[in-house]
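# What the coordinates show
Below, each chain spelled out in residue letters.
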Amino acid sequence: MSITVGDFLIDRLHAWGVRRIYGYPGDGINGVFGALNRAKGKIEFIQARHEEMAAFMASAHAKFTGELGVCIATSGPGAAHLITGLYDARLDHMPVLAIVGQQARAALGGHYQQEVDLQAMFKDVAGAFAQQASVPSQIRHLVDRAVRTAIGERKVTALILPNDLQDLEYEAPARKHGTLHSGVGFSAPKVVPYANDLQRAADVLNAGKKVAILVGAGALQATDEVIAIAEKLGAGVAKALLGKAALPDDLPYVTGSIGLLGTEPSYKLMTECDTLLMIGSGFPYSEFLPKEGQARGVQIDIKPDMLSIRYPMEVNLVGDSAETLRALLPLLEEKTDHAWRKDIEGWMGDWWKKLEKRALEAGTTGVNPQRTVWELSPRVPSNAIVTSDSGSCANWYARDLKVKRGMMCSLSGGLASMGAAVPYAIAAKFAHPERPVIALVGDGAMQMNNMAELITVSKYWKQWSDPRWICMVLNNEDLNQVTWEQRVMNGDPKFEASQDIPSVPYHRFAEMIGLRGFYVDDAERMAAVWDEALASDRPVVIEVKADPNVPPLPPHITLQQAKAFATTLFEGDPNQRNVIIDTAKQVIGAVLPGHKD
Ligand SMILES: Cc1ncc(C[n+]2csc(CCOP(=O)(O)OP(=O)(O)O)c2C)c(N)n1
Ligand SMILES: [Mg+2]
């Protein structure tokens, strides 16, 4: 029986292990959708509200499963909509395949309707492999190479399929000159450095008296190994945002997040250490790492191009983090001096108290947003998946959410795009329907696109074995993270025309589409609302009337930033009074010289 190119594509993706595709239809890709339909559920199709969201879902699928993520869209506008979500995958090194339609072959080059030069458009985001098919016998090797390149190189790839080609009869490549004969299959290799390189790394680590470890997404599968190494070396461990779930926060030497959204102990760990071991992290901000020359450095990364680009390392190891750490462990000497470890534990004890104090302060104009995540920490189930959007909530996610062993967490890391938390949380739920999933989102990001994806939740939630899916929205009527950046980084007052956003009843919208809604304008109710949401029989939206005047400030403020901030307060910031009051409660000692916290 003959099959179409579309049928072959679906069969081949199935042979590669693909079981779910996120996307949106259109006539440019109908030949593939017809094939998906004929395949009768061999591959599940999940309909997003927008192609960008489908690409975020594919990226999150890769993050939460380790598998290839696949998204699909029509030609022209559908393909263009995918781009931001694909960049999210690309910047976080996630294997994602985009399948897009194109105008009919005979029309190409004719300024035809929805004709966009897709190969040029995908060239950057899917530069590893972006190919347009022109004949049926080509499809086999194009799928094989697109999939193998994506998973083998941890990159984004794109397949562009002219619409008339999709319905043509599939032809196997002939046995003749100028044809390709490809096959299915890929097994990741075990990548471990040579013994002498491991020894060089061990020598550096053994010589150190104050070892700091920084873990990123590359350490997510190496929890036991990082713990064993940290304990042997008496080290503290800071976590880049994408590595938040690599270690639980109840370990006394884990200093939590690093960077602008990070903790003071992580900052101290890096500025006071004499040795840095970086594992699977592309954390971008070098100013939060040791000063050049202060520490000797060892880095482990599976991707050679990520080595020694944030700090000049003495030993650069290409390797799988868990395997490499296991090979390194017997070469390390147990530290006998525990002073450094004691210092770190002391800092952490103080830090958690400080965070609690900050979280329990009352807001001037709404609920203190730190309180929302602080109350979640003791309640979050240890099998939960938590996602965060880009915005002030990412600060509270980074600092106040205490990760338990077994949890998974992620966000748009490298791209730091708004609008990823809900699609991430949807993909998390499809990948792990038995786990509770929680998305933390700002109101600006909600209005940008997350709100529409609640409709996707309402369409599918009854299929999920555990219906617990929670979206918490911080309704602060402000693009707050950027408002604070304007104040602190630029020394400008809040620009209301760009920063104010309208209030929308998110909880009522949730109720209108069959979900459950909670509205919280009293911080004292936050704990009880989490309890109710975590026991709900359906997905929940918690809308929190949040105080926009609580500063999501970096752990240390430079003198220049402090001056800039102090100046803005006297230059007509519309929220001046409440900003001063809330800031005084939070971090005035850090911001305004001469005051104590
Ligand atoms: C697509 C995109 N556009 C703009 C930005 C810049 N940006 C980062 S955070 C932010 C404000 C987010 O506002 P909201 O979602 O309301 O969260 P809040 O900070 O108020 O809690 C903006 C505009 C971005 N990261 N991504
Ligand atoms: Mg906001």
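Quantities reported herein were computed from a predicted structural model and do not represent experimental measurements. (Residues numbered from 1 in each chain as written. Chains lettered and ligands numbered in written order. Predicted model: local features only at pLDDT ≥ 70, side-chain atom pairs only at ≥ 80, totals over all residues. Heavy atoms only, no water.)

Bringing the coordination of the magnesium ion (ligand 2) into the picture now. Around the magnesium ion (ligand 2), the donor atoms from the protein are Asp443 (OD), Asn476 (OD1) and Asp478 (O), and they sit 2.0 to 2.1 Å away. Read in sequence order, the donor residues for the magnesium ion (ligand 2) give the motif D-x32-N-x1-D. For Asn476, a relative accessible area of 8% gives the class buried. Accessibility expressed as a relative area gives 4% for Asp478, which makes it buried. (Donors = N, O, S within 2.8 Å, 3.2 Å for Na, K, Ca; no water. Buried < 20%, exposed > 50% of the residue type's maximum accessible area, 1.4 Å probe, protein only.)

When strand 5 (residues 129-132) meets strand 6 (residues 156-162), the two strands line up parallel, connected through four bridges. In the strand pairing of strand 6, Ala130 is matched with Ala158. The parallel pair strand 5 and strand 6 is bridged by helix 6 (residues 139-153), and the resulting crossover is right-handed. (Pairing = 2+ DSSP bridges. Helix = DSSP H or I, 4+ residues; strand = E, 2+ residues; numbered from the N terminus. Right-handed = clockwise from strand over helix to strand, strands pointing away.)

This part covers the sheet that holds strand 14 (residues 408-411). The six strands are arranged 14-13-15-16-18-17 in an open sheet whose pairing can be described as parallel. Only two strands of the sheet have a single partner each, and these edge strands are strand 14 and strand 17 (516-520). Here the strands of the sheet are splayed against their neighbours by 15° on average, with no regard to which way each runs. Judged from the six bridges that link them, strand 16 (residues 469-475) and strand 18 (residues 540-545) form a sheet pairing that is parallel. Residue Val473 lies in a different strand from strand 18, and its bridge partner there is Glu543. (Axes fitted to C-alpha atoms, helices over the stretch in contact; angles between N-to-C directions.)

The next point concerns the sheet that holds strand 11 (residues 296-301). A sheet is described by the order of its strands in space; here six strands give the open sequence 9-8-7-10-11-12, paired in parallel fashion. Two strands bound the open sheet, and with one partner strand each, they are strand 9 (254-257) and strand 12 (315-318). Averaged over all pairs of adjacent strands, the angle between their axes in this sheet comes to 15°, without regard to strand direction. Across four bridges, the pairing between strand 11 and strand 12 is parallel. If you follow Ile300 over to strand 12, its bridge partner there is Leu317. Here helix 9 (residues 223-233) sits on the sheet in contact with strand 7 (211-215), strand 8 (236-239) and strand 10 (275-279), set at roughly 165° to strand 7. Lying on the sheet, helix 12 (residues 339-360) is in contact with strand 7, strand 8 and strand 9; it crosses strand 9 at an angle near 50°. (Contact = heavy atoms within 4.5 Å.)

Before going further, it helps to examine the environment of Leu376. The topology assignment puts Leu376 in helix 13 (residues 369-379). If we skip the residues at most four places from it in the chain, Leu376 touches Leu401, Ile438 and Trp530.

Mapping Met418 onto the fold places it in the loop between strand 14 and helix 15 (421-431). In this structure Met418 comes out as partly exposed when scored by relative accessible area, which is 27%. Each C-alpha atom of the pair Met418 and Ser390 lies 5.0 Å from the other, and the pair is 28 residues apart in sequence. Aside from chain neighbours lying at most four places away, what touches Met418 is Phe56, Asp389, Ser390, Gly444, Ala445, Met448 and Leu479.

Further remarks concern the packing of aromatic side chains. Following the criterion strictly, the structure yields 12 aromatic pairs and no others. Taken together, a centroid distance of 6.4 Å and an interplanar angle of 50° make the contact between Tyr285 and Phe288 tilted. Since its relative accessible area comes to 35%, Tyr285 is described here as partly exposed. Classification of Phe288 as buried rests on a relative accessible area of 2%. Aromatic side chains Phe430 and Tyr460 sit 5.3 Å apart centroid to centroid with 80° between the ring planes, which places their arrangement in the edge-to-face category. Linking Phe430 in helix 15 with Tyr460 in helix 16 (residues 443-460), this pair joins segments that are 30 residues apart in sequence. By relative accessible area, which is 5% here, Phe430 ends up buried. By relative accessible area, which is 6% here, Tyr460 ends up buried. Members of the aromatic cluster, each reached through a chain of ring pairs, are Tyr22, Phe430, Tyr460 and Trp464. A cation sits over an aromatic face here: Lys244 above Tyr397, 5.4 Å from the ring centre. (Phe/Tyr/Trp six-rings, centres within 6.5 Å; stacked < 30°, edge-to-face > 60°. Lys NZ or Arg CZ within 6 Å of the ring centre and 35° of its normal.)

Close to ligand 1 lie 17 residues; Ser392, Asp443, Gly444, Asp478 and Asn480 are nearest. Asp478 places a main-chain nitrogen or oxygen 2.7 Å from an oxygen atom of ligand 1. Here an oxygen atom of ligand 1 and a backbone polar atom of Asn480 are 2.7 Å apart. Within the complex, 77% of the 590 Å² of free accessible area of ligand 1 lies under protein. (Near = heavy atom within 4 Å. Polar contact = N/O pair within 3.5 Å; in protein donor to acceptor, adjacent residues only side chain to side chain. Areas by Shrake-Rupley, 256 points an atom, 1.4 Å probe, with all protein chains shown as cover.)

This brings us to the packing of helix 10 (residues 264-272) against helix 12. Where helix 10 contacts helix 12, the two axes come as close as 9 Å, and the packing angle between them is 155°. For the element pair helix 10 / helix 12, the angle class is roughly antiparallel. Once helix 10 is placed against helix 12, the crossing between them reads as right-handed. Contact residues: Glu264, Pro265, Lys268, Leu269 and Glu272 in helix 10; Trp340, Ile344, Trp347, Met348, Trp351, Lys354 and Arg358 in helix 12. Of the residues that constitute the contact of helix 10 with helix 12, the class distribution is seven nonpolar, no polar and five charged. (Parallel < 35°, antiparallel > 145°, perpendicular 65-115°, else oblique. Left-handed = near helix turned anticlockwise from the far one by under 90°. Nonpolar A, V, L, I, M, F, W, Y, C, P; charged D, E, K, R; others polar.)

The terminal C-alpha atoms of helix 4 (residues 77-91), which comprises 15 residues, lie 23 Å apart, in line with the 21 Å expected from a rise of 1.5 Å per residue. Along helix 4, the sharpest change in direction is near 35° and occurs at Thr84. Burial in helix 4 covers these residues: Gly78, Ala79, Leu82, Ile83, Gly85, Leu86, Asp88 and Ala89. (Expected span 1.5 Å × (residues − 1). Bend = angle between axes of the 7 residues up to and from the residue.)

Turning next to the UniProt feature "domain: Thiamine pyrophosphate enzyme central" (unreviewed entry) in the chain. Mapped onto this structure's residue numbering, the UniProt feature "domain: Thiamine pyrophosphate enzyme central" (unreviewed entry) falls at residues 198-328. As annotated, residues 198-328 has a helix share of 29% and a strand share of 21%, and its two end C-alpha atoms lie 6 Å apart. (UniProt positions renumbered as here; feature names shortened; annotations may be inferred.)

Before going further, it helps to examine the state of the cysteines. A full pass over the atoms with the stated rule returns zero disulfides. Of all cysteine sulfurs, the one in Cys393 lies closest to Cys471, which takes part in no disulfide; the gap is 9.5 Å. (Disulfide = S-S within 2.5 Å.)

Attention now goes to the UniProt feature "domain: Thiamine pyrophosphate enzyme TPP-binding" (unreviewed entry) in the chain. Residues given the UniProt feature "domain: Thiamine pyrophosphate enzyme TPP-binding" (unreviewed entry) here are residues 389-544. Secondary structure across residues 389-544 comprises 43% helix and 17% strand; the distance between its end C-alpha atoms is 15 Å.

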